[in-house]
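Reading the structure
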Amino acid sequence: MKFKKYLMFLLIAVVAIVITACGSNSEGNDSGNANAENEGESEELEGNVVIDGSGTVYPLMSRLAEEYMVNEQPNVSVEVSRAGTSAGFEKFLVEDGTDFNDASRKIKDEEQAKADELGMEVKELKVALDGLTIVTHPDNDWATELTEDQIKGIFLGEYTNWSDINPEWPDEKIQTYGPNENHGTYEFFYENIMEEQDLVSDINLQQDYSTLVTLVSEDKNAIGFFGFGYYDSNKDKIQAVNVDFGDGPVEPSLDTIAEDGDYAGFTRPVFTYLNVDHAKEKPEVLDYALFIMNNINEFAGETGFAPIPDAEAEELISELEGLKQ
């Protein structure tokens, strides 16, 4: 009898040890899973990110901001405005200025000097490639292809009527349109394409790109210029001119827009400039900068931009990671 009681005691002890061991392992696994889950989750942030600048870059940055606020950091408000590249730099290069300035051109020497004077560290982030696009009214069935020199001649006022370019074309006055001096697109066109020659005196320059689209769409003798994205999203209202750079006419498209591609003559990089001091002080600003560069090529084509090389994006991501405290 005593022996049976002893066996029963041993059996109970063994079962207790097994249960304890299993419970310990289970807790360890649960703890490990919880830690793994926490490591996979991004830190929840809150605050505000303020962006201004280029109207050309605006659709891309606005789309990224929407994605970020909805799917990444719902407690961070990203405010995107479009004063124009130059006007945006004026808001960026001041004490307590904006966090980012979108730009359809590089920062100028005098703007960088202003940043230096303020003791502000500015970082250039190349975000996409844009093709400056020459647009006309959809009923214009004559000037569907133009050489680069003919385009320059039109905007210099060397041609008054369409028939001055080709006598078979309408004897109607050409009306030119474009963005005003607040925009980097105007500066790119004036400096890089027109080689800083004065544009025709009666050119109609506008602050708002949607206004330009409307004006060209309502004027059969109109010809204007702006970024590819605004043409691409308004193909039902305007048409693009194929440009001959010397080897035959090239249609602007996401396939031809590239710094070494067929449309290279009218291709330009576009940027956003980061206030590095703000990025170091406010985690949400640096997080958004990293979000931009990690996702920029996914959303570029959606808003009418060609992507930058992956290697360039990865290099900028690495540099931004280096800003983490």
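Everything below is about the structure shown above.
Remember, it's a predicted structure, so these values are computed and weren't measured experimentally.

As for the packing of helix α2 (residues 58–71) against helix α10 (residues 283–300)
- For the pair α2 and α10, interaxial distance at closest approach is 10 Å and the crossing angle is 115 degrees. On the basis of their axis angle, the class for α2 and α10 is roughly perpendicular. Every pair of crossing elements has a handedness; the one defined by α2 and α10 is right-handed. Residue-level inspection shows Leu60, Met61, Arg63, Leu64, Ala65, Glu67 and Tyr68 of α2 in contact with α10, the latter providing Glu284, Asp287, Tyr288, Phe291, Ile292, Asn295, Ile296, Phe299 and Ala300.
- Residue composition of the contact of α2 with α10, by class: 11 nonpolar, 1 polar and 4 charged.

Let's talk about the pattern of salt bridges
- Using the criterion set out here, one finds 19 salt bridges in the structure.
- Notably, a salt bridge pairs Asp99 with Lys282, separated by 3.0 Å at the nearest N-O pair. Of the two residues, Asp99 is situated in the loop between α3 (85–92) and β3 (100–103) and Lys282 in the loop between α9 (276–281) and α10; the sequence distance between them amounts to 183 residues.
- By relative accessible area, Lys282 is classed as partly exposed at 26%.
- The residue Arg105 makes a salt bridge to Glu187 at a minimum N-O spacing of 2.7 Å. Of this pair, Arg105 sits in the loop between β3 and α4 (109–118) while Glu187 sits in helix α6 (residues 184–193), and the two are 82 residues apart along the sequence. Each member of the pair Arg105 and Glu187 is classed as buried.
- Taken together, the salt bridges that share partners define one network made up of Arg63, Glu66, Glu67 and Glu302.

Regarding the pairing of strand β8 (residues 222–227)
- Extensive coverage of β8 is indicated by the burial of 6 of its 6 residues.
- With 5 bridges connecting them, strand β4 (residues 122–136) and β8 associate as antiparallel partners. By the bridge assignment, Thr136 is partnered in β8 with Ile223.
- As paired strands, strand β6 (residues 175–179) and β8 are joined by 3 bridges and run parallel to one another. Following the sheet pairing, Gln175 is matched in β8 by Ala222.

Reading the values: the criteria
- Residues numbered from 1 in each chain as written.
- Predicted model: local features only at pLDDT ≥ 70, side-chain atom pairs only at ≥ 80, totals over all residues.
- Heavy atoms only, no water.
- Axes fitted to C-alpha atoms, helices over the stretch in contact; angles between N-to-C directions.
- Helix = DSSP H or I, 4+ residues; strand = E, 2+ residues; numbered from the N terminus.
- Parallel < 35°, antiparallel > 145°, perpendicular 65-115°, else oblique.
- Left-handed = near helix turned anticlockwise from the far one by under 90°.
- Contact = heavy atoms within 4.5 Å.
- Nonpolar A, V, L, I, M, F, W, Y, C, P; charged D, E, K, R; others polar.
- Salt bridge = Lys/Arg side-chain N within 4 Å of Asp/Glu carboxyl O.
- Buried < 20%, exposed > 50% of the residue type's maximum accessible area, 1.4 Å probe, protein only.
- Pairing = 2+ DSSP bridges.

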